[in-house]
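# Reading the structure
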Amino acid sequence: MIGAAAGVAASAVRHPPTTRNLLVIAVVLIFVIPVSLVALPVTMVLALGAGLSGGGGGACGGSAPSVAAGQTVDGYGADQLTIAATIITVGQQMNVPSHGEVIAVMVGMGESGLRNLDHGDAVDNTTIGVFQQGASYGPREARMDPATAAGAFYARMLQVPNWQTAEPTLVAHTVQINADPDHYTPFLQAAEHVVAALSGSANGTCQVPADARAAATLLVAAINDGKLTFLEQRYQQQVLNMADGTATPDCTIDAHVLQLIAIAVQTFQQVGVSDLNRRCTGSTPGAGTASAHWKGKAVDFYAVNKRSLTGADDLSVQLIHTLDPYAPHGSSLGQSDCRAGAGIRLGALTNFTSDFPDTCNHQHLQVP
């Protein structure tokens, strides 16, 4: 698995059978990866996160990647960049944040130099393709297809606990199970440059509207584009009133809540909201007037990419980690019991500092 870049002296990654087996045991003990991750069929890979087909990354993930004739980035030529663009595109279709796309490109560099190799190395010649995937990833034709191979890599990467905050080379090592955990570090900077050059996403940050009215205005555009939907028209009307300045005091929505919804519609292809300000509607389910909804400080997401949320599914987890950097510190999450029952751990979060039980038919978020 040879990576080549200007200024980087890359060497083949060796996978002696004994070392590989020991590494598998160590990885399982350290990261507690589900058995289903190791045995994931390739035919199911692209179904994960594929609620909708196509679509670019939006403001949070960069635009659809493109490669100019004769373009080079950090020593990688047009053919290699075309493969990188495929990796980025698949990541965007699966709603993987830009940081995850960087990790995938980094692995492609470290394993094959962003080349679709039909062989491995002298130690293990059974691995093939851009990611040098073995037989557990499926038939040869799947592993030799860069898009399918990228989807397979992302599917396993997204199952690595704390992948968003762990060292990129350790995340890559957990998926690839190679001999050297630090093998991918020399390729990280080049991967960042390639993703930025091809998609215009330098750091994966979203555009945060300045205030409540600006955020609501962005959401109105998302409503008109079909990206934001509501279970009940009365909650959509709350957003419309916030945008045109006609919201009454009992019907205002906290600016942070509107900003979080704005981040969501920039990140995902479709977002569904089921609950906002209950004081405005006179609704008192659950915690009644003690609910953050009564104060306009909470939002319930019922769907992402036209898939229902449970608080414990993969898109709920992606939504939480996507919004965490933008939430005010001290924000809270619902559905703790749903995740506990499903054995789902969220990993490290910065601004969502507490969670509590809630019904498993949406993802509740609230701000202080």
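Residues numbered from 1 in each chain as written. Predicted model: local features only at pLDDT ≥ 70, side-chain atom pairs only at ≥ 80, totals over all residues. Heavy atoms only, no water.

### Considerations on the packing of helix H5 (residues 78-93) against helix H10 (residues 188-199)
- The interhelical angle for the contact between H5 and H10, taken along N-to-C directions, is 80 degrees, at an axis separation of 10 Å. Taken as axis vectors, H5 and H10 run roughly perpendicular relative to one another. Listed contacts from H10 to Leu 81, Ala 84, Ala 85, Ile 88 and Gln 92 of H5 are Val 194, Val 195, Leu 198 and Ser 199.
- Looking at the contact of H5 with H10 residue by residue, the class counts come to 7 nonpolar, 2 polar and no charged. (Axes fitted to C-alpha atoms, helices over the stretch in contact; angles between N-to-C directions. Helix = DSSP H or I, 4+ residues; strand = E, 2+ residues; numbered from the N terminus. Parallel < 35°, antiparallel > 145°, perpendicular 65-115°, else oblique. Contact = heavy atoms within 4.5 Å. Nonpolar A, V, L, I, M, F, W, Y, C, P; charged D, E, K, R; others polar.)

### Focus on helix H6 (residues 98-112)
- In a regular helix each residue adds 1.5 Å, so 15 residues correspond to 21 Å; H6 covers 21 Å between its end C-alpha atoms and thus fits that length.
- Counting buried residues along H6, 14 of its 15 residues qualify, which places the element largely inside the surrounding structure. (Expected span 1.5 Å × (residues − 1). Buried < 20%, exposed > 50% of the residue type's maximum accessible area, 1.4 Å probe, protein only.)

### Looking at the state of the cysteines
- Counted under the stated rule, the structure contains 2 disulfides.
- Across the disulfide, Cys 251 is cross-linked to Cys 280 (sulfur-sulfur distance 2.0 Å). Its S-S torsion of approximately 85 degrees makes the covalent link between Cys 251 and Cys 280 right-handed. Here Cys 251, found in the loop between helix H12 (233-244) and helix H13 (255-267), pairs with Cys 280, found in helix H14 (residues 278-281); they are 29 residues apart in sequence, far enough to count as distant. (Disulfide = S-S within 2.5 Å.)

### As for the environment of Asp 337
- Tracing the chain through its elements places Asp 337 in helix H16 (residues 336-342).
- Residue Asp 337 is classed as partly exposed on the basis of its relative accessible area of 38%.
- Remark: the alpha-carbon pair of Asp 337 and Asp 355, spanning 18 residues in sequence, is separated by 9.2 Å.
- Dropping the residues within four chain positions of it, Asp 337 is found in contact with Pro 357 and Asp 358.

### Some thoughts on the pattern of salt bridges
- Under the counting rule described, the total for this entry stands at 6 salt bridges.
- For Asp 250, the salt bridge identified is with Arg 279, shortest N-O distance 3.5 Å. Taken together, the residues span a long stretch of sequence, with Asp 250 in the loop between H12 and H13 and Arg 279 in helix H14 at a distance of 29 residues.
- The partner of Asp 254 in a salt bridge is Lys 297, with the nearest N and O atoms 2.8 Å apart. (Salt bridge = Lys/Arg side-chain N within 4 Å of Asp/Glu carboxyl O.)

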